[in-house]
Amino acid sequence: MPEVFIDNERYEFEGDYMALQFILDLGKEVPFFCYHPSMSIPANCRQCMVKAGQYIKDEETGEYELDENGERKIRWFPKMQTSCALKLSDGMVIQTQETSEEAERAQKDTLEFLLINHPLDCPICDQAGECPLQIQTYKYGPEGSRFEVKKVHKPKRVQLGPRVTLDAERCINCTRCVRFAEEISETNQLTIVSRGDKNYPMTAPSETFDDPYSLNTVDICPVGALTSTDFRFKARVWEMNQTPSIDITNGKGCNIDLWTRDNEVLRITPRHNPEVNDYWMPDEGREAFEQFNKNRVSRPSITLDENNQSNTSWNNAVETFAEILEAHDPDQLAVFGTPHASVEENYAFNKFFNLLGASNARFTPHIIPGYGDDFLITDDQAPNTNGCRLINLEETDDTGIQSAVTSAKVVIILSDDLVGRGVLSADDLADRYTISLATNQSDTTEASDLVIPITCVAEHAASYVNIDGRIQRSFPAKETKYTNRRLNLEMSEGRLDRYGTNFDNWVNEEHKIDCLPVWEFLNHLGERIGLEFQYDHSRAIFDEMSDRIDPLKGISYERMDEELGVQLPIEQQEVTQA
Amino acid sequence: MTEQELAFTQDELDEIERIKAKFPTNKAATLRVLWVAQEKYGHVKPEVQNLVADTLDLPRSHVHGVASFYTQYYKEETGTYVLDVCTCLSCQVCGGYDILHHLEDELGIKAGETTEDGMFTIQEVECLGACGYAPMLQVTNGVYANNLTKEKVDKLIENLRKGKKPEFESMVMRQNEKRKKELSQ
Ligand code: SF4
Ligand code: FES
Ligand code: FES
């Protein structure tokens, strides 16, 4: 097998490899900026330099030539090589900054060049703390600069598009953003303008960077040149918690991280999953951060007279719900599950009403035909359509929902804005007692008589089956009134959570929503009406499902965590309007 | 000028087709076609760049990037004469900035600006490959004026005002002068 020698260690390799990626895969490091594993390799930042050469082989014997000490002779390449673009070949010798002073020096000098016109404004830069330029400079850079002349000034605070703000002075012209728009999102909206020390990325003058994937450039920009207009100056990254989750704004189920501080979700970034979204996600999925913080249903509410809703206690909510259930036969209930909630929520919800004697909950997919693209945006507006199918909820079209409402006395809706998305009208619900279990205020909660606040994807651990039949799960990222990250080992704890107290001025109790996971609420309700129904954790629901539902056999949260989600052996149904 | 008014004539389009045929991709024809456009309009302002991009079926951003890279493409309307003063390394060392500042003072404008009478535009440019005869300037993407002194610049301006462009000078590097003499003898 072909062999390479990196920092005096021998490694075997098979197939085509670039030195940098090979070294990174070994868990070793060479500093770099412009290279990105999912894009073309322009080798323009020059940061990844290594010293490289080749052991000399005797052409005839095929034996390595030896010097007088019996060591293999090396023919060094005449110049330093950019490791990102250096293809490994048999007998190649590479010395990184670890073993070659020349490589170390080359990297240091490159950094000195890159920093000549860089403003060094890390104290006010959003990227600080997660900035490759900052990190590499600390690790490999020079201690100071020999350039004492005035820096070149370039445009600042340029609104490149509706969501991305550019600070051209910070740019090191790695062209990652330009290549992203060319190769990944294929809108070709960016280019590098001007040249030399004056260049920076820009759109054509008649265009704006409204690429539906534009915010990915903010993630891959190795400096603070491209920033998210929404997130600019909101928080230092080291003050936030990062919690893995799933994008719930469409059917693709992009893997994401939720970034929270003091129980507010401040930004959403993609999490690498080669099977689903690679390194990317649509901008729309990031805008969902607001719906986790704002406009939430917090504390149960009840309609007193015609249009007046008023908050009420959990006890009263349980009592009212119970009285309604006791006053009606199961066949007078219309029970609606939803592709907008997780498998666990739908399963527990459906099971509860099954136990009461009602037939399976109905749901209608939320599809906007033609909305999607061939990439990460789907026609399906919900994260769990296939999950509802998996647990056999009754799939129906909008008319099915309408007629179920017409023949019912009580309508119970799990987390679905059926009025807002035009399946029902507020009038349809007017003469029926309507109960919404919901995360956010909507036209549907407004038309409801009893609203039960439930946890959203940012507050519970639960799984979702995406459009391709892959089951993936979320973790609780945000505390509710009734959870505590110090006690819940599933939750991550950031610096502020660990060292802050309730009396610190950055802590705001309001950020914790007064809501319960739907299964926990149903536990209380079950207890009140004497139903045998008890789930302490979504994990218990999942375990039960995996015992009972064939495609879920052998699947657990642990497997989903280790394998970045599990592809279910279900028929890959096209998600279409039923 | 609105975009609707901009269009290549059939002759120009034919020429563009001939240019395209010389290259494996349309992208490679960008430089030459920008040139066709600049000859026609005297500049390649954004709307002209768009015309080029749309004609070649290329992203507008790409053509904009190329046009902005080269000082030889005029991104704004210019004076009759564009004086591209080199201030890159060799010229700088030989007094390129003195020449630039002298010109600026003489014409009462700064680099990047055009005189009110629309006669002159000054641009500060990078190396034009004439380092051996530094400092130097180029007149409207044409002839070079080499080995400049303030006096030579004054004379140049005076001549240009009269509509007289400098002649092409065949230059020899100092170290080659002797050889040239020997050869000509
Ligand atoms: S803005 Fe960022 S990603 Fe784009 S070229 Fe500059 S440094 Fe690279
Ligand atoms: S990472 Fe290799 S040159 Fe930029
Ligand atoms: S530096 Fe002026 S022509 Fe080369």
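All values reported here derive from a predicted model rather than from experimental measurement.

With that out of the way, let us pick up the overall build of chain B. When you go through chain B residue by residue, the secondary structure sums to eight helices and four strands. Reading the helices (α) and strands (β) of chain B from amino to carboxyl end gives α-α-α-α-β-α-α-β-β-β-α-α. Across its three principal axes, chain B shows a C-alpha extent of roughly 55 × 45 × 30 Å. Burial status across chain B gives 43% buried among its 185 residues. Excluding contacts between residues fewer than 6 apart, the proportion of contacts in chain B whose partners are at least 24 apart in sequence is 62%. A total of about 10300 Å² of accessible surface is found on chain B, and carbon and sulfur atoms cover 49% of it. Between the mean site of the 22 positive side-chain charges and the mean site of the 30 negative ones, chain B shows a separation of 8 Å.

Another point: the overall build of chain A. Secondary structure assignment for chain A yields 17 helices and 25 strands. Projected onto its principal axes, the C-alpha coordinates of chain A cover approximately 95 × 60 × 50 Å. Burial statistics for chain A: of 578 residues in total, 57% are counted as buried. Taking as baseline every contact in chain A between residues at least 6 positions apart, the subset at least 24 positions apart corresponds to 66%. Summed over all atoms, the accessible surface of chain A reaches about 25700 Å², with 46% contributed by carbon and sulfur.

In terms of domains, chain A is made up of domain 1 (3-114), domain 2 (122-228) and domain 3 (301-460 + 514-567). Computed from C-alpha atoms alone, the centre-to-centre distance between domain 2 of chain A and domain 3 of chain A is 44 Å.

Between chain B and chain A, the contact holds 14 residues from the first and 15 residues from the second. Between chain B and chain A lies a buried interface of about 1100 Å² when both sides are counted; carbon and sulfur atoms form 55% of it. For the chain B face of the interface with chain A, the top three residues by lost area are Ser61, His64 and Phe69 of chain B, together amounting to 42%. Counting every contact that joins chain B to chain A gives one salt bridge.

The UniProt feature table records "domain: 4Fe-4S Mo/W bis-MGD-type" (unreviewed entry) at residues 240-296 of chain A. Across residues 240-296 of chain A one finds 18% helix and 35% strand; the C-alpha atoms that close the span lie 21 Å apart.

Turning our attention to unusual backbone geometry. For the bond running from alanine 134 of chain B to proline 135 of chain B, omega is -10°, close enough to zero to count as cis. For proline 135 of chain B, the position within the fold is in the loop between β2 (120-125) and β3 (137-139). Residues other than glycine seldom take positive phi values, yet leucine 120 of chain A does so here, at roughly 55°. Of note in the backbone geometry, leucine 564 of chain A takes a positive phi value of approximately 55° without being a glycine. Inspection of the secondary structure assignment puts leucine 564 of chain A in the loop between α17 (557-562) and β25 (566-567).

Further remarks concern the packing of helix α9 (residues 343-356) of chain A against helix α16 (residues 538-548) of chain A. Residues and elements named next belong to chain A. The geometry of α9 relative to α16 is characterised by a closest axis approach of 10 Å and an angle of 80° between their N-to-C directions. Here α9 is positioned roughly perpendicular relative to α16, judged by the angle of their axes. Between α9 and α16, the residues in contact are Val343, Glu344, Tyr347, Ala348 and Lys351 and Ser538, Ile541, Phe542, Glu544, Met545 and Arg548, respectively. Residue composition of the contact of α9 with α16, by class: six nonpolar, one polar and four charged.

All names here are of chain A. Sheet architecture is open: three strands sit in the order β12-β13-β14, paired in antiparallel fashion. Of all strands in the sheet, those bounded by a partner on one side alone are β12 (241-246) and β14 (264-270). Shown here is a sheet whose adjacent strand axes are inclined to one another by a mean of 30°, direction ignored. Note that strand β13 (residues 255-261) and β14 share six bridges and pair antiparallel. When the bridges of β14 are listed, isoleucine 256 appears paired with proline 270.

Before going further, it helps to examine the pattern of salt bridges. Any two side chains of opposite charge can pair, on the condition that their charged atoms come close. A complete count under the given rule lists 50 salt bridges over all chains for this structure. The partner of lysine 110 of chain B in a salt bridge is glutamate 104 of chain B, with the nearest N and O atoms 3.9 Å apart. Taking relative accessible area as the criterion, glutamate 104 of chain B reaches 8% and is therefore assigned buried. Within this structure, Asp121, Lys156, Asp167, Glu169 and Arg170 of chain A form a network of salt bridges that share partners.

A few words now on the domain arrangement of chain B. Entries for chain B in the domain assignment read domain 1 (3-69) and domain 2 (81-172). Taken over C-alpha atoms, the centre of domain 1 of chain B sits 28 Å from the centre of domain 2 of chain B.

Moving on, we get to the site of ligand 1. Cys171, Cys174, Thr175, Cys177 and Cys221 of chain A are the nearest of the 13 residues found near ligand 1. Counted by class, the shell around ligand 1 contains 10 nonpolar, two polar and one charged residues.

This part covers the UniProt feature "domain: 4Fe-4S His(Cys)3-ligated-type" (unreviewed entry) in chain A. UniProt tags residues 102-141 of chain A as "domain: 4Fe-4S His(Cys)3-ligated-type" (unreviewed entry). Annotated as residues 102-141 of chain A, this span is 55% helix and 0% strand, and its ends, taken at the C-alpha atoms, are 14 Å apart.

Okay, helix α6 (residues 96-107) of chain B next. Residue and element names in this part refer to chain B. With 12 residues, α6 extends 17 Å between its outermost C-alpha atoms, agreeing within 8% with the 16 Å of an ideal straight helix rising 1.5 Å per residue. Gly96, Ile99, Leu100, His102, Leu103, Glu104 and Leu107 are the residues of α6 that are buried. On the buried face of α6, the contacting elements are β1 (81-86), α5 (89-93), β2, β3 and α7 (150-161). Downstream of α6 by one or two residues, glycine 108 has phi in the positive range, about 70°.

Right, let's talk about the UniProt feature "binding site: [2Fe-2S] cluster" (unreviewed entry) in chain B for a bit. Residue and element names in this part refer to chain B. Within the UniProt annotation, "binding site: [2Fe-2S] cluster" (unreviewed entry) is assigned to Cys86, Cys91, Cys127 and Cys131. Spanning 46 residues, the named residues nonetheless gather at one spot, since no C-alpha pair among them exceeds 9.3 Å. By the element assignment, cysteine 86 lies in strand β1. By relative accessible area, cysteine 86 is classed as buried at 1%. Setting aside anything within four residues of it in sequence, one finds cysteine 86 in contact with Cys91, Gly96, Val125, Glu126, Cys127, Leu128 and Met136. With respect to the helices, strands and loops of the structure, cysteine 91 is situated in helix α5.

Bringing the pairing of strand β17 (residues 333-336) of chain A into the picture now. Each regular strand carries side chains that alternate between the two faces of the sheet. Residue and element names in this part refer to chain A. Burial along β17 is two-sided: the face carrying Leu333 and Val335 and the face carrying Ala334 and Phe336 are both buried. Across four bridges, β17 lies against strand β20 (residues 410-414) in parallel orientation. When the sheet's bridge partners are listed, valine 335 is paired in β20 with isoleucine 412.

Attention shifts here to the sheet that holds strand β11 (residues 226-228) of chain A. Residue and element names in this part refer to chain A. Strand order across the open sheet formed by three strands is β7-β8-β11, with antiparallel pairing between neighbours. Two strands bound the open sheet, and with one partner strand each, they are β7 (158-159) and β11. Two elements, strand β8 (residues 164-166) and β11, share three bridges in a ladder whose sense is antiparallel. Note on β11: the bridge partner recorded for threonine 165 is threonine 227.

Reading guide: rules and limits
- Residues numbered from 1 in each chain as written.
- Chains lettered and ligands numbered in written order.
- Predicted model: local features only at pLDDT ≥ 70, side-chain atom pairs only at ≥ 80, totals over all residues.
- Heavy atoms only, no water.
- Helix = DSSP H or I, 4+ residues; strand = E, 2+ residues; numbered from the N terminus.
- Buried < 20%, exposed > 50% of the residue type's maximum accessible area, 1.4 Å probe, protein only.
- Contact = heavy atoms within 4.5 Å.
- Areas by Shrake-Rupley, 256 points an atom, 1.4 Å probe, with all protein chains shown as cover.
- Lys, Arg positive; Asp, Glu negative; His and termini not counted.
- Charge placed at Lys NZ, Arg CZ, Asp CG, Glu CD.
- Domains from an automatic or database assignment.
- Buried area = accessible area lost by both parts, 1.4 Å probe.
- Salt bridge = Lys/Arg side-chain N within 4 Å of Asp/Glu carboxyl O.
- UniProt positions renumbered as here; feature names shortened; annotations may be inferred.
- Axes fitted to C-alpha atoms, helices over the stretch in contact; angles between N-to-C directions.
- Parallel < 35°, antiparallel > 145°, perpendicular 65-115°, else oblique.
- Nonpolar A, V, L, I, M, F, W, Y, C, P; charged D, E, K, R; others polar.
- Pairing = 2+ DSSP bridges.
- Near = heavy atom within 4 Å.
- Expected span 1.5 Å × (residues − 1).

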